[in-house]
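Analysis of the macromolecular model
Each chain, written out:
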Amino acid sequence: MTESIEEKKVPTKAPGKTPATAPDEWLKVESLDLDAQGVAHNAEGMVVFIEGALPFEEVQFNVHRRKNNWEQGTVTAIRRESSQRVQPGCPHFGLHTGACGGCKMQHLDAAAQVAVKQRALEDNLWHLGKVKPENVLRPMEGPAWHYRYRARLSVRHVIKKGTVLIGFHERKSRYLADMQVCPVLPKQVSDMLMPLRALIGSMDARETCPQIELACGDAPGTTALGTIALVLRHLEPLSNADIDRLKAFAAQNAGVQWWLQAKGPETVKLLEEGGTPLSYELPEFGVTMPFKPTDFTQVNPHINRALVGKALRLLDVQPQERVIDWFCGLGNFTLPLASRAREVLGIEGSDTLVARAGDNFKKNQPATPARRALSPTRFVARNLFDMTPAMLVADGSADKWLVDPPREGAFALAKAMADLHLQPELRTSGWTPPKRIVYVSCNPSTLARDAGLLVHQAGYRCTFAGVINMFPHTAHVESIAVFDLA
């Protein structure tokens, strides 16, 4: 797929208001934008965003939003269909009233979806950061269905419908979709949606339970689905009868483990002791990662295993090297790094996650036949959005960095690096920059911004970049980039 990702920008072709699209006009779709909308131009040059349309199709659409020089609408007719259009795999996906808004690209071939995301990454790097990677990595892909091991499912008792709804919101709506299945969730969880709806509908607290958070773990010693943790948010104390209903549901559904959340995340507690604790495996490194259902873990465990392996191969850690893992979380990259490097420092903004990462490190010692002893590893808590050159120097030199920030990116870190490069006098204590940085991103625009700083002000080259299809059928773009000291 070679079409480019268009940015939503105002055409500069002609001043004033451009005539609207004629009702019977057929438009040729040129590309997709970052919201998976087809992008076209009408006969007068006005840009048009068309939901449900794919590149190279000829379509008509109904307008539901119009400004002076752009329109937005939904496809109503297709005269020429794209060869990459496919039958959606979920009955709740589409443009119809009540359609689920959880996925945006099920009508597009899976390989084409990845190509769109790859171009989105490249366009962001160039347009926002003026960075062009020297090499484009082959996209990382995994299962297209039943991949989502984490989800936040809304719950609502709808009196008019006489039922409880559980799932995602309707497309462009505050209402919940009437979901009976969800093929992106694990099959066991998808099959459980209707029984869950019946369960909540039978409870005294059906009006005061707004959310169920899902977190799945691996079966011990395997990468197969194991524990299914369901965190029930309840606004009022649950009756004894409701507690008994939850326990009965868990007993009837293998692997289900109920957690209760009365207020904030700190109030989450296990309903019944026993059962298999949540954890996931990283078999390549002989590491097991215990976690709690409200801890941040990757949505897609299949891709996460491949991603950790890929990141470490790109980082090319040697036994004599010191490595810093920025935004380390529970130690998803830190512990595998500790199986390769001489010494590792994990830095994270949350005190709670730092403590959990330290516990995970201890639980993965001593060595096993599948893994050598982990190298000395230290975890510290620090506000990574308030980094300064002095703080960076205080952490000491490292041969290599692994950076895995949230959507906000790692601007302060990149800016501190730029300042140290442009003002060498700030490099006290013999501090030297890392030879290589591997940056894992969940937002191509903040990656591009930070890449611009690293390349144009901090003395690095962007040697590799590529996409990771962590969220098939959605417009979410996960990516990885490598920066080498010039």
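Just so it is clear, the model here is predicted, and its values are computed rather than measured.

Attention now goes to the packing of aromatic side chains. Evaluated as defined, the whole model comprises five aromatic pairs. Aromatic side chains phenylalanine 49 and tryptophan 70 sit 6.1 Å apart centroid to centroid with 70 degrees between the ring planes, which places their arrangement in the edge-to-face category. Here tryptophan 70 lies in strand β7 (residues 70-80) and phenylalanine 49 lies in strand β5 (residues 47-51), a separation of 21 residues in the sequence. Assessed through its relative accessible area of 3%, phenylalanine 49 is described here as buried.

Turning next to the confidence of the model for the protein. Within the protein, residue pLDDT values average 93, and 96% of them lie at 70 or more. This stretch, residues 1-14, has a pLDDT under 50; its non-local contacts, to residues over four places away or in other chains, come to 42 contacts.

Here we come to empty space enclosed by the protein. Tallying each qualifying case throughout the model produces five cavities of 30 Å³ or more. Counted as a void, the largest cavity has a volume near 140 Å³. Cys100, Gly102, Cys103, Gln106 and Cys182 are, among the 16 residues lining the largest cavity, the residues nearest its centre. For the lining of the largest cavity, a count of residues per class yields 11 nonpolar, four polar and one charged.

The strand order across the open sheet formed by six strands is β9-β8-β10-β11-β12-β13, and the pairing between neighbours is mixed. Two strands in the sheet have a free side with no partner beyond their single neighbour: β9 (163-167) and β13 (269-270). Bridge analysis of strand β11 (residues 225-233) against strand β12 (residues 256-261) gives six bridges, and the strand direction is parallel. Paired with alanine 229 across the two strands is glutamine 257, which belongs to β12. The strands that helix α3 (residues 193-202) touches are β8 (150-158), β9, β10 (211-218), β11 and β12; relative to β9, the one it contacts most, it runs at about 130 degrees. Sitting on the sheet, helix α4 (residues 240-252) touches β11 and β12, and the angle it makes with β12 is about 150 degrees.

Of the two faces of strand β14 (residues 279-282), the one holding Ser279 and Glu281 and the one holding Tyr280 and Leu282 are both buried throughout. The pairing of β14 with strand β15 (residues 287-290) spans four bridges and is antiparallel. Across the sheet, residue tyrosine 280 finds its bridge partner in β15, namely methionine 289. Two successive antiparallel strands, β14 and β15, enclose a turn made up of four residues, where glycine 286 displays a positive phi of approximately 65 degrees.

What follows concerns the layout of surface pockets. There is about 1100 Å³ of room inside the largest pocket. Lining the largest pocket are 46 residues, and of these Arg150, Asp295, Phe296, Thr297 and Gln298 sit closest to its centre. Elements represented by at least two residues in the lining of the largest pocket include exactly β8, β10, β14 and α5 (301-315). At five residues, β10 tops the list of elements feeding residues into the lining of the largest pocket.

Within the secondary structure, threonine 297 sits in the loop between β15 and α5. At 3.1 Å, the side chain of threonine 297 forms a polar contact with the side chain of arginine 150. Not counting residues within four places of it along the chain, the set of residues in contact with threonine 297 comprises Arg150, Tyr280, Phe291 and Leu330.

Right, let's talk about the state of the cysteines for a bit. With the rule as written, the count across this model stands at zero disulfides. The structure places no disulfide on cysteine 328, whose sulfur is separated from the nearest cysteine sulfur, that of cysteine 442, by 16 Å. Judged by its relative accessible area of 4%, cysteine 328 falls in the buried class. Here cysteine 442 falls in the buried class, since its relative accessible area comes to 14%.

Judged by pairing direction, the sheet is mixed, and its seven strands sit side by side in the order β18-β17-β16-β19-β20-β22-β21 without closing on themselves. A strand with exactly one partner marks an edge of an open sheet, and here the two such strands are β18 (377-381) and β21 (460-468). Ignoring strand direction, the axes of neighbouring strands in this sheet form an average angle of 15 degrees. Here strand β16 (residues 322-326) pairs with strand β17 (residues 343-348) via five bridges, running parallel. By the bridge assignment, isoleucine 324 is partnered in β17 with leucine 345. Its contacts with the sheet place α5 against β16, β19 (400-403), β20 (436-441), β21 and β22 (478-485), and it is angled at close to 160 degrees to β20. Along the sheet face, helix α10 (residues 444-456) touches β20, β21 and β22 and points at about 165 degrees away from the line of β20.

As a further point, take the environment of arginine 150. Looking at the element boundaries, arginine 150 is found in strand β8. Remark: the alpha-carbon pair of arginine 150 and valine 114, spanning 36 residues in sequence, is separated by 21 Å. For arginine 150, the residues in contact, after removing those within four places along its chain, are Glu213, Leu214, Ala215, Phe291, Lys292, Pro293, Thr294, Asp295, Thr297, Gln298 and Val299.

Quick notes on the rules
- Residues numbered from 1 in each chain as written.
- Predicted model: local features only at pLDDT ≥ 70, side-chain atom pairs only at ≥ 80, totals over all residues.
- Heavy atoms only, no water.
- Phe/Tyr/Trp six-rings, centres within 6.5 Å; stacked < 30°, edge-to-face > 60°.
- Helix = DSSP H or I, 4+ residues; strand = E, 2+ residues; numbered from the N terminus.
- Buried < 20%, exposed > 50% of the residue type's maximum accessible area, 1.4 Å probe, protein only.
- pLDDT = per-residue confidence, 0-100.
- Contact = heavy atoms within 4.5 Å.
- 1 Å grid on protein atoms, 1.4 Å probe; cavity = no way out; pocket = protein on both sides within 12 Å on 5 of 7 lines; lining within 4 Å.
- Points joined across faces, edges and corners; volume = space filled by probe spheres on them.
- Nonpolar A, V, L, I, M, F, W, Y, C, P; charged D, E, K, R; others polar.
- Pairing = 2+ DSSP bridges.
- Axes fitted to C-alpha atoms, helices over the stretch in contact; angles between N-to-C directions.
- Polar contact = N/O pair within 3.5 Å; in protein donor to acceptor, adjacent residues only side chain to side chain.
- Disulfide = S-S within 2.5 Å.

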